[in-house]
Amino acid sequence: SSHLERCVGSSRRPPTPPAAMPSIQALVADELEDYGNGEELLDYVSEGEGEPFDSLEKPIVKDESFPNAVVICNVPIIGQNKFTKLMAVMSKLVDKFGDAEKEMPFNEEGTTTEGFLIVNYKSFKDNNTIDDVCDQLSGMSLDKSHVLKVVKMDTFDSIANRRDEFEAVRTLSAFSRADFRDWLSDKKCREQILLRYQTETEIYWHDMMAAQPVLCYGGEREKAAKKVWCDWRVHWSPEGSYIATFHQQGIALWAGPEFEKKVRLPHPDVKEIQFSPNEEYLLMWNGALPQQNDDNAVKIYRVLTGECVRRCRTPQVTPLGDDFPHFLWSPDAKYLAECNDSHITVRDTDAWDIIPNESGKRTAMKLEALKTFQWSPKDNVIAAWTLERENKPARLTLIEIPSRKELFVRSRMQCEAEMIWQSEGDFLCLNVTQLSKTKKRIATNLDIIRIRERNTPVDVVEIKDIVKGFFWETRGDRFAVITADEQGHKPRLHIFKCGKEKTEQIVLFDLPSNSFNSVIWAPEGQYFIVASVAAATGVSSSGDLLFACLVGDARLEILHKDEHYMLTDVSWDPSSRYVITSVTQPMQNDMGGYKYSMEAGYAIWTFQGRKLHQQQKEKLWAVAWRPHPPSLLPKQKQKQVRDNIKQYTKRYDALDDQAKESARAAFRREREDKTNAFLAILERLNEVKAERMEETGWTEARDEFLEGQNWAQEKEISEQQLGVTEELISG
């Protein structure tokens, strides 16, 4: 940097004055002492009043900025014989942004270059700016040893004058997260529910003792200030720390016991959002199509500081096939991946650079005829499915990130396939449908891949009927499959268990209706709901519900059968104790949601199928439980708690009994108060009635009338023997 400072900095900064040089005040004082009492100075004083200060000409300020100049560092150091060739290479990189002057200085001896290039742009092409030059050229690799670093000329002084010891300076403000999880310490162990209906956004406590949800916050603070809490949609963050509200200008995040606004993330007309799994980043998309070439279509913000860390255009392909998302986060949020038809691009979230390959080049991973890819739920492993092409079979490939090492490959011919990960990443199911040459379905195989075991063994389960759905047990080694025959009749529920040696069927159950199409497992496994849920295509559902559980390893128990007509959503609370079934309307399609408007509402059930609360809500857009963060207890401690659950529940059962008794006592008091109030009203009415009857003479007239009827009052006692009991009393 000393050479660079000599070439660039010396011409821009005045020489440093010597340390012993006296100050201006000292020089003036010395000069005044030479004049004694100051009479000699009168010869130099003007006799007039002088010019007004405002009329004086302003001093000329020299512009020392270089707004269109950059310094490109880490350029190869070469001799004069290679100067022309290297300058041609660098000119090709630099000139694509605009017309520029370039200078690559030599050392004092004139033998080799100094290893940097000074570029000053006279004009730019295609609306490029000096920021685009820095962003696109920084990190570009010429070879293994030379990765370019581009800095603006105006920042050179601050870089060259940095202290030897680094001192971090905080330039971004952040908010405290100390109280973000206070709701988890609720003494009643209650869950929270988010409701979005009409123009209201409300958060409720699910309170069993109150027999209905209790309002926690409904935007009262914003209503009092005549503000709108939410313009459109609303979402919980993955761990429940934030609630995100959609606005025309962007996204607002709220948190804390009072749901206060913590940060605003600007992105006009945002349509979709996607939190990173650890809630550190928020990705936003404004709905722009790839062909619109909107450079700000996708923005990624760091949540804690509100800093925009990356922006880009809408990718051409969505990995999961829907309109959104275009990017997929790794489970630890250290990587972000996107794809096209032949490549997967993975970036690290520290510098947002593409991860390098074995040779150190930052390039995308090439996978011809790529159909889809998914991250493992727990590990930095990508599962990619490529289609059959030019006599090359379709392939499933497991790739470790960031090493790019292929962990597993499985090839199949003439088939369609779907990948389904188990929640803990222990298993991966490849649902393979064999096709004939005419694309007719022949058979279905479930390839169960054991990720954690040595050599990655695969169990193949053959299903003769048509598979309507595949569903892993949460945190378990079992999975459910709903099948039907070729005509769509004879619906069946199959449950399989991945044993130590093989995968085998443990339950076969004939479903009572063809409408069942989903199995929703509880977050803790074992309990599940078989439901008829409205399809994404808009087909209505009958809303049939089967509450069931697995007793032991192989016995199915049906707990309850019910229905929720026109059902669209089923969700378990994070503790696996309660279930919400709901009929919601899509916000973006009013016409498509009209058929659900008459049935819009939600119901809360216990895990056994007992209905606790049901309410109709006009224009119900969304209803959702508040997610829980991952448990801080290790798996061994969690298992210990489950094994000794009865010991832990005694204290909570006692608290529940006290709460129930308090609720009963409160109910009795309320009933007695209402009864006494009613009796007091009756007593006052009787007193008023007696007074009016005396005033009008009604009492005397009634007595005279009764005497004239010759009624006589007689008493008669009737005795009847119901039984006789004899007892022998011994003395």
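Presented here is an overview of the structure given in this document. Along each chain, residues carry numbers from 1 onward, in the same order as the chain's sequence is written. Selection of residues for local features in this predicted model requires a pLDDT of at least 70, selection of side-chain atom pairs for listing and counting requires 80 or more, and totals for whole chains, interfaces and linings are taken over all residues. Neither water nor hydrogens contribute to the side-chain values; these are computed over all heavy atoms in the structure.

1. Focus on the sheet that holds strand β9 (residues 214-217)
The antiparallel open sheet is built from four strands, whose spatial order is β9-β8-β7-β42. Edge positions in the open sheet fall to β9 and β42 (620-625), since each of these has one partner strand only. Adjacent strand axes in the sheet meet at a mean angle of 30°, parallel and antiparallel pairs treated alike. If DSSP finds at least two bridges between two strands, the strands pair. Numbering of helices and strands starts at the N terminus; helices are DSSP runs of H or I of at least 4 residues and strands are runs of E of at least 2. Judged from the seven bridges that link them, strand β7 (residues 191-197) and strand β8 (residues 200-206) form a sheet pairing that is antiparallel. Interaxial angle, 0 to 180 degrees, is taken between N-to-C directions of lines fitted to C-alpha atoms, where a helix line uses only the stretch in contact.

2. Remarks on the pattern of salt bridges
One speaks of a salt bridge when a side-chain nitrogen belonging to Lys or Arg is within 4 Å of a carboxyl oxygen belonging to Asp or Glu. All chains considered together, the criterion is met by 32 salt bridges. The closest approach of N and O atoms between Arg302 and Glu280, which form a salt bridge, is 3.9 Å. Residue Arg302 is found in strand β16 (residues 298-302), and its partner Glu280 is found in the loop between β14 (272-275) and β15 (281-285); the two are separated by 22 residues along the sequence. With relative accessibility at 22%, the residue Arg302 sits in the partly exposed group. The exposure class of Glu280 is partly exposed, given its relative accessible area of 33%. The partner of Glu661 in a salt bridge is Arg668, with the nearest N and O atoms 3.3 Å apart. Among the charged side chains, a network of salt bridges with common partners joins Asp186, Lys188, Arg190 and Asp207. The classification of residues rests on relative accessible area computed with a 1.4 Å probe and restricted to protein chains. Under 20% of the type maximum is buried, over 50% is exposed, and intermediate values are partly exposed.

3. Here's the deal with the packing of aromatic side chains
Each aromatic pair joins two rings of Phe, Tyr and Trp (for Trp, the six-membered one) with centres within 6.5 Å, and gets the label stacked for planes under 30 degrees apart, edge-to-face for over 60, and tilted for any other angle. All told, the structure shown has 21 aromatic pairs when counted by the stated rule. Judged by centre distance (5.9 Å) and plane angle (10°), the rings of Tyr281 and Trp329 are stacked. Remark: Trp329 occurs in strand β18 (residues 328-329) and Tyr281 occurs in strand β15; sequence separation between them is 48 residues. Seen in terms of ring centroids, Tyr527 and Phe607 are 4.9 Å apart; in terms of plane orientation they differ by 80°. Their pairing is edge-to-face. On the criterion of sequence distance, the pair formed by Tyr527 in strand β35 (residues 527-531) and Phe607 in the loop between β40 (601-606) and β41 (611-616) is long-range, its members being 80 residues apart. When its relative accessible area of 23% is taken as the criterion, Tyr527 is described as partly exposed.

4. Observations regarding the nonpolar core
By nonpolar core we mean a set of buried residues, namely Ala, Val, Leu, Ile, Met, Phe, Trp, Tyr and Cys, connected to one another through side-chain atoms within 4.5 Å. Among the nonpolar cores identified, the biggest contains 21 residues, and Val70, Ile72, Val75, Met90, Leu117, Val119 and Tyr121 are the most heavily contacted of them. Of all the secondary-structure elements, those providing two or more residues to this core are β1 (69-73), α3 (83-94), β3 (116-124) and α4 (130-137). The leading source of residues in this core is α3, at five residues. Two residues qualify as a contact provided that any one of their heavy atoms is within 4.5 Å of a heavy atom in the partner residue. Each residue touching Ile72, except ones within four places of it in the same chain, is listed here: Met90, Val94, Gly115, Phe116, Leu117, Val119, Leu137, Leu148, Lys149 and Val150.

5. Examining the sheet that holds strand β22 (residues 370-375)
Reading across from one edge, β22-β23-β24-β25 is the order of the four strands in this open sheet, with antiparallel pairing throughout. If you trace the sheet from one side to the other, it starts and ends with β22 and β25 (406-412), each paired once. Taken pair by pair, the neighbouring strands of this sheet meet at an average axis angle of 15°, ignoring direction. Relative to strand β23 (residues 381-386), β22 is paired through five bridges, and the arrangement is antiparallel. By the bridge assignment, Leu370 is partnered in β23 with Thr386.

6. Concerning a nonpolar patch on the surface
A patch consists of residues exposed above 30% relative accessible area that lack any salt bridge, with like charges linked at up to 9 Å and nonpolar side chains (Val, Leu, Ile, Met, Phe, Trp, Tyr) linked at up to 5 Å. For the area figures, the Shrake-Rupley method with a 1.4 Å probe applies, and any residue is considered shielded solely by the protein chains shown. Taken together, the side chains of Phe678, Leu679, Ile681, Leu682 and Leu685 make up a nonpolar region of the molecular surface, amounting to roughly 460 Å² of accessible area. Assignment of secondary structure puts Leu679 in helix α8 (residues 645-696).

Nothing here speaks to function; it is all geometry.
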